[in-house]
Amino acid sequence: MRIAVSLLAVCCAAPVFCQTRVDYDRQVHPILAAKCWACHSQEKRSGGFSLATYTDLLEGGRSGAAIKPGNSAGSLLLLRANGSRAPRMPLGGAPLAAAELATIAAWIDDGARATPASAPAKPKWEAPLTLTSPAIPPAVWPAWTSLLDRFTAAYLASHKIAEPQSVTDAIFARRAWLDVTGLLPAPADLRAFLADTGAGKRERLVEYLLSLDQQYAENWISFWNDLLRNDEGVSYFSETASRKTITPWLLGALKSNLPYNQFVAQLLNPVAPSDPAGFLIGVNWRGTVNASQTPAMQAAQNTAQIFLGINLKCNSCHDSFISKWKLKDAYSLATYFSTEEKLQLYRCDVAQPEYAEPMFLFPELNRAPASHSQADRRAAASAIFTDPRNGRLARTVVNRIWHRLLGRGIVENPDEMDGEPWSPELLDWLSADFAAHNYDLKRLISVILTSRAYQMPAVAATSQPAREYTFRGPELRRLTAEQFADAIGQITGDWRVYQPPTPADAAAPPPGIYTRDWHIAANPLTRALGRPIRDQVYGTRDSAATTLQALELVNGETLTHLLMRGARKMLGELPPEPVSVFNKPISNRTPAEFDVDISHASKLFLLVQDTGSYSPEKVEAAWLKPELIGPKGITPLTSLKAAGEPDLRSADLDALRVKTPSRLVYDIAGKGFTRLHGAAGIENREITSDVNPRTRFFIFLEEPTMDRLTRVAPETPVPALPAVKTSAEAIDRVFWYALGRAPSAAERDAAQTTATSADGLADLLWAVLMKPEFQLIR
């Protein structure tokens, strides 16, 4: 009897489940299966949309969410089914009856529940366009006082995560120095910070680091070079317009902390001579190879990906199979950047009888250009992208900066901003705060670095999909390729050399400059460590260990050379670099004559270096009529045998024709020669853009240092330290600089036996640089 009464009570207490709520399995699913499966089965998935299961229905298709629980009037499924939005569905079939539409609408308005007893369905995430700052959550933990931390603390508490402790001062300092300046903290600076007992010292450190404009800019320029396809030491070729560097503008914009909306505006609408015109040109390795790679289409793809987190590559060729974007969307955006007033559509390289005119991806932000001129179309695009109503501009860059500083974005993939954030409220607040403070990138970095979230202990990186991910702290990150190379320069005092271009009216080449790694062409080591070619937009770098990386770190010539030179520099054993007696950049068919005194030389070194030719192998470099003057009169240099003959293409009385690059060595000891004269030049009959020669010819009278061929100004990126005088001093410098700590007793004992010579010190440097403690930002 009691059981019967209990059952009756349950039935009476919950009649609404059985009588008023629509049952998905019994009432909704049969309608969809009967009327819609012909096109939207799990196998066919027209438009990327399946109605086979409840989960499929909630997932939606390429056009976005099909239903919005609680809002049938805004649900695309019902709008298409009742004909409010074209085309009416089922396409080509009989419309749904009014009763069927009413059943589906009632189910959606009640929360689109899986069963009558289930909780309302969670709406499918849809990235908002506008930007609204959410309400600040109440404080959870007393120490988490910043507004950013209020959001993070609320998130952590909601996931039942206890209040995390902050990392030590030493870990924080190393993390902040590398993230702001890309450099390791100097031992003296680190010790001073650790000794400071005043309150707010971490905030003061961040403020100080962000005031180092040059060091900040030279660190973050690599991040922006990856995004903006700007590289050093690379010659991009196009049949219409060679890729122009934007480095001077970009470095200046970072040093001056140009507001981000102005930063974007100048990239999209370069009008002043100093503006970055190179960004919109695109990179065409062999001209326009297909319709989806024209400069205008590349500009559309790049701007959408970089500034909006939208991938238009698929729909530059055809309607996307994975998103809502159509072929015409890509062409409409590309028209803003084209030299033509409208663009004919090509679907998979087949011309279509349809043209696109300027139209933005989000119609509510669209604005017509003032005229059909390219200048006005670019101006319109710039205004649209930076429109304050375009919240995606702020969200995308905020997420990119968060990803760079904490290892994983609030939206997992920084290039796909339609993904669901692990905390939409945090992303919205941080983005709205960024926009409200004049799009100030340095301030954004400061807000993040001074937060408790940034100062949490690092956790191992995870590949968990966004749905399963829970934020538990910054992820362990590896030093970038540039940071790794710059660390060697800092520790040893031996930096790489950048050779500025020679002005056309200069009497002599300018001196080289000791520089950080971003400023020079990548080498096998930095390529292996992740520095990209930048022939496309790189929103992130692959930091996974590779076989090539292991080979370069363990036995690579580049690292071995850097460490050996660095060890000798630390010990004060590096001799002055030999100086050339002839040094001439040549990029055309006009030869450069030379006449040099060789009376005290025992060897001649004739070098040709490539300095950025598009196809060095096609450059026909030559030493023209080189002649030796001696006691017996004139002796053609071509009559002597050279070491390095594999670098010769051919030789006769008129010329030594050499490869680019090349190195010829002649032994003239005891022969009495006093002078060498002749000319250096390029013999290509035509200087075409697919060759684009950039060479430099050198003559040395003693063995040259191949990466120090020009005289170098004495200034270094950071103040040079004096040579070490004892092995103990060398060991302390290496450990304090590289690891931010003193060596342990065991480490000192092991190092003491090796750090007494250049070879031993190079071995110690290598051993420390291989430690995860050095290579990881913890």
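The structure we're discussing is the one just above.
Computed from a prediction, not measured in an experiment: that's the story for all the values here. (Residues numbered from 1 in each chain as written. Predicted model: local features only at pLDDT ≥ 70, side-chain atom pairs only at ≥ 80, totals over all residues. Heavy atoms only, no water.)

**Student:** For this particular structure, what's the right way to read the overall build of the chain?
**Tutor:** Across its full length, the chain holds 27 helices and 16 strands. Counting the 778 residues in the chain, one finds 49% classified as buried. Counted over contacts in the chain with a minimum sequence separation of 6, partners at least 24 positions apart contribute 68%. Computed over 82 positive and 82 negative side-chain charges, the inter-centroid distance for the chain is 3 Å. (Helix = DSSP H or I, 4+ residues; strand = E, 2+ residues; numbered from the N terminus. Buried < 20%, exposed > 50% of the residue type's maximum accessible area, 1.4 Å probe, protein only. Contact = heavy atoms within 4.5 Å. Lys, Arg positive; Asp, Glu negative; His and termini not counted. Charge placed at Lys NZ, Arg CZ, Asp CG, Glu CD.)

**Student:** Can you help me understand the state of the cysteines in this one?
**Tutor:** Two cysteines whose sulfur atoms are joined by a covalent bond form what is called a disulfide. If you walk through the whole model with that rule in mind, you get 0 disulfides. Just so you know, C314 is unpaired, no disulfide at all, and the nearest cysteine sulfur is the one on C317, 8.9 Å from it. According to the relative accessible area criterion, C314 is partly exposed, its value standing at 33%. As a non-bridged cysteine, C348 has C317 as the owner of its nearest cysteine sulfur, 3.9 Å distant. In this structure C348 comes out as partly exposed when scored by relative accessible area, which is 45%. (Disulfide = S-S within 2.5 Å.)

**Student:** Explain the sheet that holds strand β15 (residues 695-700) to me, please; I cannot follow it from the model alone.
**Tutor:** Consider a sheet: its strands pair through backbone hydrogen bonds, and that pairing is either parallel or antiparallel. If you walk across this open sheet you meet the 4 strands as β6-β15-β8-β13, and the pairing is antiparallel. The outermost strands of the open sheet, each flanked by one partner alone, are β6 (582-586) and β13 (662-667). Averaged over all adjacent pairs, the angle separating strand axes in this sheet is 10°, with direction ignored. Relative to β15, strand β8 (residues 603-610) runs antiparallel, the two sharing 6 bridges. Bridging across to β15, D610 finds its partner in T695. (Pairing = 2+ DSSP bridges. Axes fitted to C-alpha atoms, helices over the stretch in contact; angles between N-to-C directions.)

**Student:** Teacher, can you tell me more about the pairing of strand β2 (residues 350-356) here?
**Tutor:** For a regular strand, side-chain orientation follows a simple rule: the groups alternate between the two sheet faces. Across 4 bridges, the pairing between strand β1 (residues 343-347) and β2 is antiparallel. Looking across to β2, one finds that R347 is bridged to V350. Linking β1 back to β2 in an antiparallel pair, the connection comprises 2 residues, with C348 at a positive phi of about 50°.

**Student:** Can you help me understand the packing of helix α20 (residues 481-492) against helix α23 (residues 557-570) in this one?
**Tutor:** Helix packing geometry: the angle between the two helix axes and the distance between the axes. Packing of α20 against α23 brings their axes to within 9 Å, and their N-to-C directions diverge by 20°. Between α20 and α23, the crossing angle belongs to the class labelled roughly parallel. Crossing of α20 over α23 shows right-handed handedness. Residues F484, I488, I491 and T492 of α20 touch α23, and the partners they reach there are L559, L562, L563, G566, K569 and M570. In terms of residue class, the contact of α20 with α23 is built from 7 nonpolar, 2 polar and 1 charged. (Parallel < 35°, antiparallel > 145°, perpendicular 65-115°, else oblique. Left-handed = near helix turned anticlockwise from the far one by under 90°. Nonpolar A, V, L, I, M, F, W, Y, C, P; charged D, E, K, R; others polar.)

**Student:** What's the story with the pairing of strand β10 (residues 633-636) in this structure? I'm lost.
**Tutor:** Sheet topology note: the strand β9 (residues 621-630)/β10 ladder contains 4 bridges and is antiparallel. Of the residues in β10, the one forming a bridge with L628 is T635. Taken together, β9 and the strand that follows it, β10, pair antiparallel across an intervening segment of 2 residues.

**Student:** Sorry if this is basic, but what is going on with the pattern of salt bridges here?
**Tutor:** Working definition: two side chains of opposite charge can pair if their charged atoms are close together. The full count for this structure, using the stated rule, is 43 salt bridges. The salt bridge involving D169 is made with K201; its shortest N-O contact spans 2.7 Å. Taken together, the positions of D169 in helix α8 (residues 169-181) and K201 in helix α10 (residues 201-210) put the pair 32 residues apart, joining distant regions of the chain. Relative accessible area serves as the criterion here: at 9%, K201 is assigned to the buried category. Taking the shortest distance from any N to any O, the salt bridge between R657 and D652 comes out at 2.9 Å. Salt bridges sharing partners connect three or more residues here, namely D226, D231, E482, R496, D517, R531, R534 and R541. (Salt bridge = Lys/Arg side-chain N within 4 Å of Asp/Glu carboxyl O.)

**Student:** Would you mind going over unusual backbone geometry with me for this structure?
**Tutor:** Most of the time, phi is negative for any residue but glycine, and the peptide bond is trans. In this model, A86 is joined to P87 through a cis peptide bond whose omega is -5°. Tracing the backbone through its elements, the reader meets P87 in the loop between α5 (76-81) and α6 (98-109). The omega torsion across M89 and P90 is 0°, close enough to zero to call that bond cis. When you line up the elements, P90 lands in the loop between α5 and α6. Phi is positive for C348, close to 50°, though the residue is something other than glycine. Non-glycine residue Y439 carries a positive phi angle of around 50°. Of note, Y439 is situated in the loop between α18 (424-436) and α19 (441-449). By relative accessible area, which is 10% here, Y439 ends up buried.

**Student:** How should I be thinking about the packing of aromatic side chains in this particular structure?
**Tutor:** In this description, a pair of aromatic rings is defined by centroid distance and the angle of the planes. Under the counting rule described, the total for this entry stands at 30 aromatic pairs. Between F360 and F385 the ring centres are 5.3 Å apart and the planes differ by 70°, which places this aromatic pair in the edge-to-face class. Pair noted here: F360 is in the loop between β2 and α16 (374-385) and F385 is in helix α16, with a separation of 25 residues, a long-range link. Grouping residues by exposure puts F360 and F385 together as buried. Feature note: the residues Y216, W220, F223, W224, W249, Y260, F263, F434 and Y439 constitute an aromatic cluster, connected by ring pairs. In this structure, R175 is placed above the aromatic ring of Y454, and the distance from its NZ or CZ to the ring centre is 5.5 Å. Looking at K342, its charged tip hangs above the ring of Y355, at a distance of 5.1 Å from the centre. (Phe/Tyr/Trp six-rings, centres within 6.5 Å; stacked < 30°, edge-to-face > 60°. Lys NZ or Arg CZ within 6 Å of the ring centre and 35° of its normal.)

**Student:** Just checking my understanding: could you explain the nonpolar core for this structure?
**Tutor:** Side chains that are nonpolar tend, in soluble globular proteins, to be buried together. Ranked by size, the top nonpolar core spans 106 residues in total, and within it W224, Y260, F263, F307 and W402 carry the most contacts. If near-sequence neighbours (up to four positions away) are discounted, Y260 is found in contact with W224, F307, L393, V397, F434, Y439 and L441. Membership of the second largest hydrophobic core comes to 36 residues, among which are A487, A738, A758 and L764. (Core = buried A, V, L, I, M, F, W, Y, C linked by side-chain atoms within 4.5 Å.)

**Student:** So what exactly am I meant to see when it comes to the side chain of H403 here?
**Tutor:** Tracing the chain through its elements places H403 in helix α17 (residues 391-406). The buried category is assigned to H403, whose relative accessible area is 19%.

**Student:** What exactly am I supposed to notice about the side chain of N225 here?
**Tutor:** On the secondary structure map, N225 appears in helix α11 (residues 213-228). At 2.9 Å, the side chain of N225 forms a polar contact with the side chain of N230. Beyond its immediate stretch of four places on either side in the chain, N225 contacts N230, L250, W518 and R534. (Polar contact = N/O pair within 3.5 Å; in protein donor to acceptor, adjacent residues only side chain to side chain.)

**Student:** Can you help me understand α8 in this one?
**Tutor:** Residue pairs three or four apart in sequence face the same way in an α-helix, which turns once every 3.6 residues. In this model α8 runs 17 Å from its N-terminal to its C-terminal C-alpha over 13 residues, within 8% of the 18 Å that 1.5 Å per residue would give. When you tally the buried positions in α8, you get 10 out of 13 residues, the bulk of the element. Among the residues of α8, those classed as buried are F172, A173, R174, R175, A176, W177, L178, D179, V180 and T181. Positive phi shows up at G182, right after α8, with a value of about 75°. (Expected span 1.5 Å × (residues − 1).)

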